[in-house]
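# Remarks on the overall topology
Each chain, letter by letter, is given below.
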Amino acid sequence: MTKATKTKFVREYPINASAKLIYPYLSTPGGLSQWFCDDVTVDHDKVYNFYWDGVNHYAELTGYRTNRSIRFLFLNEKKMHMADPSYVDFSIESSELTQEQFLKVTDYSDEDDTEELEELWDNLMQNLRELIGG
């Protein structure tokens, strides 16, 4: 049996908006469901349910720094931790030199087609930019 290897996809997207404006779109169910997935709910155990194409994907918020970064660690369908879990990490970074804001996306997942991942994230970022006017 071969162990599936995961792909770590990392990209920085320029975004013309303040961290305070961007962060709620990365950290709240209402914000995330506007651009990232079809719907997001959070249950009483603080487990996030990201809903895509009729499928539930459970995740735990494992780290955040307000207006800076946030990470969601994906769980199995029983909402339990797995070995080598997938995660998505968003961090808002700015260039000291140009004062430009960047949204750095780290997507660690089973998807091994980097072209497909790039297309997916390019489209997601386009949605986000349209929402915030950045």
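Cut-offs and rules
As a convention, each chain's residues are numbered from 1 in the sequence order in which they are written. Local features in this predicted model are restricted to residues whose pLDDT is 70 or higher, and side-chain atom pairs enter the listing and the counts only when it is 80 or higher, whereas totals over whole chains, interfaces and linings include all residues. Side-chain figures throughout are based on the complete set of non-hydrogen atoms in the structure, without hydrogens or water. Helix and strand definitions here come from DSSP, where helices need a minimum of 4 consecutive H or I residues and strands a minimum of 2 consecutive E residues; each element is numbered from the N-terminal end. Here a helix's expected span is defined as the number of its residues, less one, multiplied by 1.5 Å. Contacts between residues were defined by any pair of non-hydrogen atoms, one from each residue, lying within 4.5 Å. Definition of a polar contact: a pair of N or O atoms within 3.5 Å, with one able to donate and the other able to accept a hydrogen when the atoms are protein atoms, and with sequence-neighbouring residues admitted only if both atoms are side-chain atoms. Throughout, nonpolar core names a set of buried Ala, Val, Leu, Ile, Met, Phe, Trp, Tyr and Cys residues whose side chains join them through atoms within 4.5 Å. Throughout this description, buried means an accessible area under 20% of the type-specific maximum (1.4 Å probe, protein chains only), exposed means over 50%, and partly exposed covers the range between. Confidence per residue, as judged by the predictor, is encoded in pLDDT with a range of 0 to 100. A pair of strands counts as paired when DSSP detects no fewer than two bridges linking them. Axis lines are fitted to C-alpha atoms, over the contacting stretch for helices. Their N-to-C directions set the angle, which ranges from 0 to 180 degrees. Just to be clear on terms, a salt bridge is a Lys or Arg side-chain nitrogen sitting within 4 Å of an Asp or Glu carboxyl oxygen. Centres within 6.5 Å are what make two rings of Phe, Tyr or Trp a pair, Trp counting through its six-membered ring; a difference in plane orientation under 30 degrees is then read as stacked, over 60 as edge-to-face, and the rest as tilted.

## As for helix α3 (residues 114–132)
Compared with an ideal rise of 1.5 Å per residue, which puts 19 residues at 27 Å, α3 spans 27 Å between its outermost C-alpha atoms and is within 8% of the ideal. Buried residues along α3 sit in contact with β1 (7–14), α1 (19–27), α2 (29–35), β6 (87–94) and β7 (101–109). Looking at where α3 begins, the residue whose side-chain oxygen comes 3.0 Å from the main-chain nitrogen of E115 is D113. Trailing α3 by a residue or two, G133 shows a phi angle of about 70°, which is positive.

## A word on the nonpolar core
One finds W35, F36, F50, F90 and W121 to be the most contacted residues of the largest nonpolar core, which totals 31 residues. At the level of elements, β1, α1, α2, β3 (47–52), β5 (69–74), β6, β7 and α3 are the ones that each hand at least two residues to this core. In terms of residues, this core owes the most to one element, α3, which gives six residues. Those residues in contact with F90, other than ones at most four positions away along the chain, are L26, L32, W35, F36, R68, S69, I70, L103, K104, V105 and W121.

## Here's the deal with the confidence of the model for the chain
With 96% of its residues at a pLDDT of at least 70, the chain reaches an overall mean of 93. Considering each helix and strand of the chain separately, the mean pLDDT is smallest for α3, with a value of 95, and largest for β5, with 98.

## So, the sheet that holds strand β4 (residues 55–65)
Spatially, seven strands are ordered β1-β7-β6-β5-β4-β3-β2 in an open sheet, and the strand pairing comes out antiparallel. Each edge of the open sheet is held by one strand with a lone partner, namely β1 and β2 (39–42). Across this sheet, the average inter-strand angle for adjacent strands is 25°, counted without regard to direction. Here β6 runs beside β7; their pairing, made up of eight bridges, is antiparallel. Of the residues in β7, the one forming a bridge with F90 is V105. Relative to β1, α3 is tilted by about 35°, and along the sheet it contacts β1, β6 and β7.

## Description of the pattern of salt bridges
Enumeration over the complete set of coordinates arrives at four salt bridges. Between D110 and K6 there is a salt bridge, with its nearest N and O atoms 3.5 Å apart. Remark: K6 occurs in the segment before β1 and D110 occurs in the loop between β7 and α3; sequence separation between them is 104 residues. On the basis of relative accessibility, which here comes to 53%, the residue D110 falls in the exposed class.

## Section: the packing of aromatic side chains
Summed over the entire model, instances satisfying the criterion amount to 14 aromatic pairs. Measuring from centroid to centroid gives 5.7 Å for F36 and F90, while their planes differ by 80°, and the two rings are edge-to-face. Here F90 lies in strand β6 and F36 lies in the loop between α2 and β2, a separation of 54 residues in the sequence. Owing to a relative accessible area of 5%, F36 belongs among the buried residues under this scheme. The exposure class assigned to F90 is buried, which follows from its relative accessible area of 0%. Grouped by ring-pair contacts, the aromatic residues W35, F36, Y48, F50, W52, F72, F74, F90 and W121 constitute a single cluster.

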